[in-house]
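Observations on the model geometry
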Amino acid sequence: MKYFARPLRKVCGRQCFLVVNVVVVAVNLCLGLMVNLAFMSSSSSPPPLTTTLAAPDNLTTLMRSGGTVPAAYGLTDASGNFTSHAFVWAGRAWQEVVGTAQVCMATHASTQHLHWIATHARRWSGPISVAVYAAGGEYVIAAGMVSYLRQCVEGVDARVSFHLVHPRGHPPESTKSLPPVVTCGNAEEVNRIMVAVVGLTSQRYPRYPQNLLRNVAWRACHTPHVFNVDVDMIPVPEMYPRLSDFLGSRVACGRCAYVVPVYEVSSKVSQPPQDKMELLRLLLSGKARRFHLKVYQKNQGNTHLEHWEVERHAFFAYQPFSVLFNISSYEEFWEPVLVLPRGSPPFDERFIGYGFTRSSQVYELHVRGYHFSVLDEPFLTHLGFQTTASYPTSRFAQIEINHIRYQMFKKELHARLGLPLPPPLPPPASRVAARIRLMLRGRKREEEGEREREGQETRDAGL
């Protein structure tokens, strides 16, 4: 430094020398501070200022890694008792199919009834949204059946999307495995084998949440209209294109409800009827009848099928559907199957199990001023005649519970719409009430017997 300072003094004098010294000291201080900061930062490891954002794991990845659907990634219903997972198995071309469709079929199924999707896929060529109820280990059946349907039934892989619903306390799990290879064949037989291999969950929720399942499937249908059916109600062939042409040719109607008649046919009939003429022949021979005719006539009563059965039918098989007649009256507890605009009131999810599940929605549509029109050619077929003799006693108990909920539902609906309170409901039909009384009487005897046994055990212990 002294060799540098002497010539510097000669050039710029003492002041210049001082300035250079100050600059050198400042540079040394800065370098020392930077070194200390670097050392301190390496020891405390603060978060970096920038990072690369990675896409979060989606449900498909989580299923692949863990083999199950995590309950934490589902949506809880209003009651807190059920969890749903949308698009667990999405149709490969779902976005394209839904984007060009006028109507989407929404349906629901338990794991032992998933074989019906094969029939729907063959008869309905549009998008199908399926809500599957699978508790605990039943997830394995659902996964196996979806895999089978996608590989063995044309159209399922591309245009059918499956969603899961389960009791909150029993999320899907894969405790058992299915055979690695299943031969394509009869879907019902394959479904039966899978249920036999895996078994149904013993902790199954005792009441099937029909309306929640219907809404889950409905909300996944991003189309102008939704056709919400039960999984064992089979449409006629070519229904989708003819219904699409009908809906596409009409002016948009936000409060139009199109009624599709429902019939049941004898189990002796091997295949559902192909068209209206074939159905009418089955009616004349006694092998078909109006749905729930012997169980509850009001189910289809207000559809006035006596007019539908004698009115004209299409001369050309593949022309668009049309409105055959309008329904100006309304009879309570009517349960038609409807094609509705997407923004229509959903099903009320408080109704769990059997009773008032569909009629409650129809009542709200009526109160809100919807117009009901019966279509001329399409219909749904339920295989097997319905009778109350095959109903378990628990079904009648569920109907009675939902009977009470229905009155609460009506009061809340009238209050929301500013309408007068509805009149009280009549008591259940005598046949239903008798079955309920027998059930309650038997339960009372069981409880009395249990108390007597406990009392005897207490007396024996005292002796």
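For the structure itself, consult the block above.
Cut-offs applied
- Residues numbered from 1 in each chain as written.
- Predicted model: local features only at pLDDT ≥ 70, side-chain atom pairs only at ≥ 80, totals over all residues.
- Heavy atoms only, no water.
- Helix = DSSP H or I, 4+ residues; strand = E, 2+ residues; numbered from the N terminus.
- Buried < 20%, exposed > 50% of the residue type's maximum accessible area, 1.4 Å probe, protein only.
- Areas by Shrake-Rupley, 256 points an atom, 1.4 Å probe, with all protein chains shown as cover.
- Pairing = 2+ DSSP bridges.
- Axes fitted to C-alpha atoms, helices over the stretch in contact; angles between N-to-C directions.
- Contact = heavy atoms within 4.5 Å.
- Expected span 1.5 Å × (residues − 1).
- Arc of directions from axis to C-beta.
- Polar contact = N/O pair within 3.5 Å; in protein donor to acceptor, adjacent residues only side chain to side chain.

Let us look at the overall build of the protein. In terms of regular secondary structure, the protein is built from 15 helices and 14 strands. Of all 463 residues assigned to the protein, the portion counted as buried reaches 45%. Put simply, the protein shows about 24,600 Å² of open surface, and 57% of that area lies on carbon and sulfur atoms.

Here we come to the sheet that holds strand β7 (residues 233–235). The four strands are arranged β7-β14-β9-β10 in an open sheet whose pairing can be described as mixed. Edge positions in the sheet fall to β7 and β10 (288–290), since each of these pairs with one other strand and no more. On average, each strand axis in the sheet is inclined to that of its neighbour by 35 degrees, with strand direction left out of account. Taken together, the three bridges between strand β9 (residues 262–265) and β10 define a ladder with antiparallel strand orientation. Bridge pairing links Glu264 to Arg289 in β10. Across the face of the sheet, helix α10 (residues 276–284) comes into contact with β9 and β10 while running at roughly 95 degrees to β10.

Let us now look at helix α7 (residues 187–198). Along an α-helix, residues three or four apart share an orientation, since each turn contains 3.6 residues. An ideal rise of 1.5 Å per residue puts 16 Å on 12 residues; α7 measures up with 17 Å between its terminal C-alpha atoms. Listed in full, the buried residues belonging to α7 are Ala187, Val190, Asn191, Met194, Val195 and Val198. Buried residues in α7, looked at end-on, bunch into an arc of 135 degrees, giving them a common side. Set apart from the buried face of α7 by more than 90 degrees, the exposed residues are Glu188 and Ala196. Lining the buried residues of α7 we find α4 (116–123) and α5 (138–152). Of the residues flanking the start of α7, the one acting as N-cap is Asn186, its side-chain oxygen 2.9 Å from the backbone nitrogen of Glu188. Immediately beyond the C-terminal end of α7, within one or two residues, lies Gly199, with a positive phi of roughly 85 degrees.

Moving on to α5. Counted at 1.5 Å a residue, the expected span for α5 with its 15 residues is 21 Å, and the 21 Å between its end C-alpha atoms agrees. Those residues of α5 not exposed but buried are Glu138, Tyr139, Val140, Ile141, Ala142, Gly144, Met145, Val146, Tyr148 and Leu149.

These figures come from the coordinates and say nothing about function on their own.
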